[in-house]
Amino acid sequence: MQMKLENVFGAEKQRPYIIAGPCSAETEAQVLAIAHELKEQDIDLYRAGIWKPRTKPGSFEGVGALGLKWLRRVKEETGLKVTTEVANRVHVDECLYHDIDVLWIGARTTVNPFSVQEIADALKGVDIPVMVKNPINADLALWIGGIERLYKAGITKIAAIHRGFSSFGETNYRNAPTWQIPIELKRQFPDLTIINDNSHICGRRDILKEIAQVAMDLNFDGIMTEVHNDPDNAWSDAAQQITPKVFHELVQSLVIRESQDLDIKHSDLSSIRSKIDVLDDELLRILSDRMKLSEEIGKYKKAHNISILQPGRWNEIIEKSEQKAKKTNLSLSFVSELFRAVHQESINHQEEILSKND
Ligand code: PEP
Ligand code: MN
């Protein structure tokens, strides 16, 4: 779908747009204290969750509509624009009634088309900016679908928030950034504002800066970070929140590099890029040759009635790839992901041979 989108922040400015505030509104004093400190930093939008989608029951699930009055006071006292998460029609109606400036749809809501449609229907005829977080699963089509539902309801001020994708098992991140997904989103919708929510990607405060810098280097338009006046005692997401002072240092440290297409200004880069293009072609040719060999093996397996997956051989490939990674400047995770993808493609080719009637 073609979309003609407008700026969510009401004014064009140099990157980055800054959204900051606590994970949850806890008390009126807390919401106001943080807002006053952030006001000094000239942020673009103040965030605070009122209805909190928590993984387990019994966690703090937000103060509810009462918190909207506190956000209204933030507006009156600081002049900051405010945003909160909505997950259904009642939330939307409450927010509109309390003059919330911008709404956001959380990751657990974007996964559900019924909920997103309910929100979109509640917003028909209303001119309010909406930010759509990526769904918790790595599904770009679902993320785009959510954005399109709002657009079809007449919302044109839309931004996307990249907050990472959940996965099973221990990882370095609370939610894996899987940068290719927002990059592809931006490729398809160049006018869409994309904000990086480093807090929910990291889940811990020590790597927030690193992730925000990657986002800037990938031309994201801004960041959304959870900021709290007493992070360790926050009622939700304590490990990932930082004080306004630490946040200020983070923002000041960001290096903002040029985002325009480099070929025009830096012609010396184009020769390096040509070499990369040649190597990329070469990579594809090699992979295609490799698949031809897999197909030969497929034919052999078919003739001898052997199943495609040979666990012993697969283990050998995975183990060898770990040793191979050590000898290169490539990370282990990249090398094993690459081999898994190659293996999957190889299975697909062999499957096609085995399923063909001769
Ligand atoms: C939040 O921003 O506080 C939140 C609940 O985030 P997410 O929807 O990304 O989990
Ligand atoms: Mn949070």
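Above this text sits the structure in question.
Below, the structure is looked at part by part. Just so we're clear, the structure is a prediction, and the values are computed from it rather than from any experiment. In this convention, every chain numbers its residues from 1, walking through the sequence in written order. Labels follow written order: the first chain is A, the first ligand is 1, and so on. A pLDDT threshold of at least 70 governs which residues receive local features in this predicted model, and a stricter bar of 80 or more applies before side-chain atom pairs are shown or counted, although totals over entire chains, interfaces and linings include all residues. Remark: hydrogens and water are excluded; side-chain values derive from all non-hydrogen atoms of the structure.

1. Description of the coordination of the manganese ion (ligand 2)
Coordination shells were defined by N, O and S atoms within 2.8 Å of each metal, extended to 3.2 Å for Na, K and Ca; water is absent from the atom set, which can make sites look incomplete. Protein coordination at the manganese ion (ligand 2) comes from Cys23 (SG), His200 (NE2), Glu226 (OE) and Asp237 (OD), with a distance range of 2.1 to 2.4 Å. Donor residues for the manganese ion (ligand 2), ordered by position in the chain, follow C-x176-H-x25-E-x10-D. Within this pair, whereas cysteine 23 is found in the loop between β1 (17–21) and α1 (28–39), its partner aspartate 237 is found in the loop between β8 (222–226) and α10 (244–253), the two being separated by 214 residues in sequence. Judged by its relative accessible area of 1%, cysteine 23 is buried. We call a residue buried when its accessible area falls under 20% of the maximum for its residue type, exposed when it is over 50%, and partly exposed in between, using a 1.4 Å probe and counting protein chains only. Given the relative accessible area of 16%, aspartate 237 is considered buried. Counting from the N terminus, the helices are DSSP H or I runs at least four residues long and the strands are E runs at least two residues long.

2. Quick look at the pattern of salt bridges
When their charged atoms lie close together, side chains carrying opposite charge are able to pair. Salt bridges, as used here, are contacts in which a Lys or Arg side-chain nitrogen is within 4 Å of a carboxyl oxygen on Asp or Glu. If you walk through the whole model with that rule in mind, you get 21 salt bridges. Ionic pairing is found between arginine 47 and glutamate 226, a salt bridge with its closest N-O pair at 3.4 Å. Placement of the pair is arginine 47 in strand β2 (residues 45–47) and glutamate 226 in strand β8, with a sequence separation of 179 residues. This pair shows no difference in class: arginine 47 is buried, exactly as glutamate 226 is.

3. Concerning the packing of aromatic side chains
Between 30 and 60 degrees the pair is tilted, below 30 it is stacked and above 60 it is edge-to-face, where a pair is any two Phe, Tyr or Trp rings, Trp via its six-membered ring, whose centres lie within 6.5 Å. Tallied over the entire structure, the rule returns 3 aromatic pairs. Judged by centre distance (5.0 Å) and plane angle (90 degrees), the ring pair of phenylalanine 60 and tryptophan 235 falls under edge-to-face. Highlighted residues: phenylalanine 60 in the loop between β2 and α2 (66–78) and tryptophan 235 in the loop between β8 and α10, separated in sequence by 175 residues. With a centroid separation of 5.6 Å and 90 degrees between ring planes, the pair formed by tryptophan 179 and phenylalanine 220 is classed as edge-to-face. Of this pair, tryptophan 179 sits in the loop between β6 (158–162) and α7 (180–188) while phenylalanine 220 sits in the loop between α9 (208–217) and β8, and the two are 41 residues apart along the sequence. Judged on exposure class, the residue tryptophan 179 and its partner phenylalanine 220 are both buried.

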